[in-house]
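Okay, here's what each chain looks like letter by letter:
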Amino acid sequence: MSIKNSVLLIFASIVLSVCSVSCGPIEKGDYSKGSTTIYCDEGFKNILEEEIQVFEYHYPEASIIPYYVSEVEAIDALLDNKTSSIIVTREMTQEQKDYIKAKHRLVVKSHCIAVDAVALITNKENPISQLSMDDIKHILNGRILNWRQVGWDNSDTIKIVFDNPGSSTLKFMKDKFIGENGSFPKNAYAQKTNGQVFDIVKNDKDALGIISVSWLASDLKTAREISIEKRVNNLKNGSDTISTVLTDDVKILKVSKPDELEGFKPYQAYINSGEYPLYRKVYMINTGSNATLTHGFYSFVTGFIGQKIISQTGIMPYHVHTRLVELK
């Protein structure tokens, strides 16, 4: 369906899984007390912070200690048994699972918790509103170096800005557009965090930021302006149909598939339908037994409230049905 010159509200309805133990309530016991760590790809910091705050409100004797690192560091931490829980964008290989079982006598459990989109953002003064997949490929391999080559009367060099060299976002874009043996051009710059990418794009008209869409959802920012008590009550009792609005502090570009003229922004419904092409799954992986706090938090994130929190971040909860509503 083509939707033009309209305001889009993307509605995500959370579908409860009747067969998954992770969607059941968490009973208070040893696995809702004590402390545990979790290593998380920094791109999903906004999501995890909200999950932890709501979980700890429910279970005040529990403490979840997060470490926001690169995806490589998170996986290495699990392999070294420095933590029993991670959030990354790829599953463990069978070889890695076998290593953990042999070395630490632990079983790896994995659950897809969301589908994330990689968003392309520019300064609001930049007139470019859409890039094709071919445009993106040529920008990332250095064939396109300045904005004039993609339609803006500006010969300045495009400043490609990523979060950090070990991030899942950088790896995703490299695998998709450059290949294992390729490299990014000299006009690509790695920062330390997604927040830094966002700030650079806000202040530099020549910047092209590449960032997880979860950093662009204004709904989550608005939610945090109210008390935790009210937020929890809304999650429990509010409608399970949620609208997500993306920020207007930067320009979020449409992306078009090869041989298609119309591009799409990374709204939840377009992620779900595949019309927005830059998406990837997000996994929560743990090695904790059923009687641990690690598993209790795992059950929370993969359950109804945890998935509802994810729907407020702009990315897709894994158990979801979507509707598009056009407002004239």
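Worth saying up front: this structure is predicted, and the values here are computed from it rather than measured.

The rules we used
- Residues numbered from 1 in each chain as written.
- Predicted model: local features only at pLDDT ≥ 70, side-chain atom pairs only at ≥ 80, totals over all residues.
- Heavy atoms only, no water.
- Buried < 20%, exposed > 50% of the residue type's maximum accessible area, 1.4 Å probe, protein only.
- Helix = DSSP H or I, 4+ residues; strand = E, 2+ residues; numbered from the N terminus.
- Pairing = 2+ DSSP bridges.
- Contact = heavy atoms within 4.5 Å.
- Phe/Tyr/Trp six-rings, centres within 6.5 Å; stacked < 30°, edge-to-face > 60°.
- Lys NZ or Arg CZ within 6 Å of the ring centre and 35° of its normal.
- Salt bridge = Lys/Arg side-chain N within 4 Å of Asp/Glu carboxyl O.
- pLDDT = per-residue confidence, 0-100.

## Examining the pairing of strand β4 (residues 85–88)
Part 1 of the argument: Taking every second residue as pointing to the same face, both faces of β4 are buried, with S85 and I87 on one and I86 and V88 on the other.
Part 2 of the argument: Two elements, strand β2 (residues 34–41) and β4, share two bridges in a ladder whose sense is parallel. Residue pairing across strands places C40 opposite I87, the latter belonging to β4.
Part 3 of the argument: In this structure, β4 lies alongside strand β13 (residues 279–286), joined through four bridges in antiparallel fashion. For S85, the partnering residue across the bridge sits in β13 and is N286.

## As for helix α2 (residues 71–79)
Part 1 of the argument: Within α2, burial applies to E71, A74, I75, A77, L78 and L79.
Part 2 of the argument: On the buried face of α2, the contacting elements are β2, β3 (62–69), β4, α3 (94–104), α5 (168–177) and β13.
Part 3 of the argument: The positive-phi residue at the C-terminal boundary of α2 is N81, with phi of around 60 degrees.

## Things to note about unusual backbone geometry
Part 1 of the argument: Phi at N81 takes a positive value of approximately 60 degrees, unusual for a residue other than glycine.
Part 2 of the argument: Within the element layout of this structure, N81 appears in the loop between α2 and β4.
Part 3 of the argument: Phi at R105 takes a positive value of approximately 55 degrees, unusual for a residue other than glycine.
Part 4 of the argument: Residue position: R105 is located in the loop between α3 and β5 (109–122).
Part 5 of the argument: Overall, R105 belongs to the exposed group, its relative accessible area being 77%.

## Description of the environment of I86
Part 1 of the argument: Residue placement: I86 occurs in strand β4.
Part 2 of the argument: Its relative accessible area of 0% is what places I86 among the buried residues.
Part 3 of the argument: A C-alpha to C-alpha distance of 6.4 Å links I86 and N286, two positions 200 residues apart in sequence.
Part 4 of the argument: Once residues lying within four places of it in the same chain are set aside, the contact partners of I86 are I38, Y39, A74, I75, L78, M92, Y283, M284 and I285.

## Topic: the packing of aromatic side chains
Part 1 of the argument: Tallying each qualifying case throughout the model produces nine aromatic pairs.
Part 2 of the argument: Ring geometry for F55 and F300: centres 5.3 Å apart, planes at 65 degrees, overall edge-to-face. Here F55 is found in helix α1 (residues 45–58), whereas its partner F300 is found in helix α10 (residues 293–301), with 245 residues between them in sequence.
Part 3 of the argument: Residue F55 is classed as buried on the basis of its relative accessible area of 0%.
Part 4 of the argument: Put simply, the rings of F55, Y59, F297 and F300 pair up and form one aromatic cluster.
Part 5 of the argument: Over the aromatic face of F172 sits the side chain of R280, whose NZ or CZ is 5.7 Å from the ring centroid.

## Points about the pattern of salt bridges
Part 1 of the argument: One pass over the full model with this rule turns up seven salt bridges.
Part 2 of the argument: Its salt-bridge partner being D206, residue K205 comes within 3.7 Å of it at the nearest N-O pair.
Part 3 of the argument: The exposure class of K205 is partly exposed, given its relative accessible area of 32%.
Part 4 of the argument: One continuous salt-bridge network, built from bridges that share partners, spans D156, K205 and D206.

## Concerning the confidence of the model for the chain
Part 1 of the argument: Taken residue by residue, the chain gives an average pLDDT of 83. The fraction at 70 or more is 80%.
Part 2 of the argument: In this model residues 321–328 is a low-confidence stretch, pLDDT under 50, and it forms 30 contacts with partners more than four residues away in sequence or in other chains.

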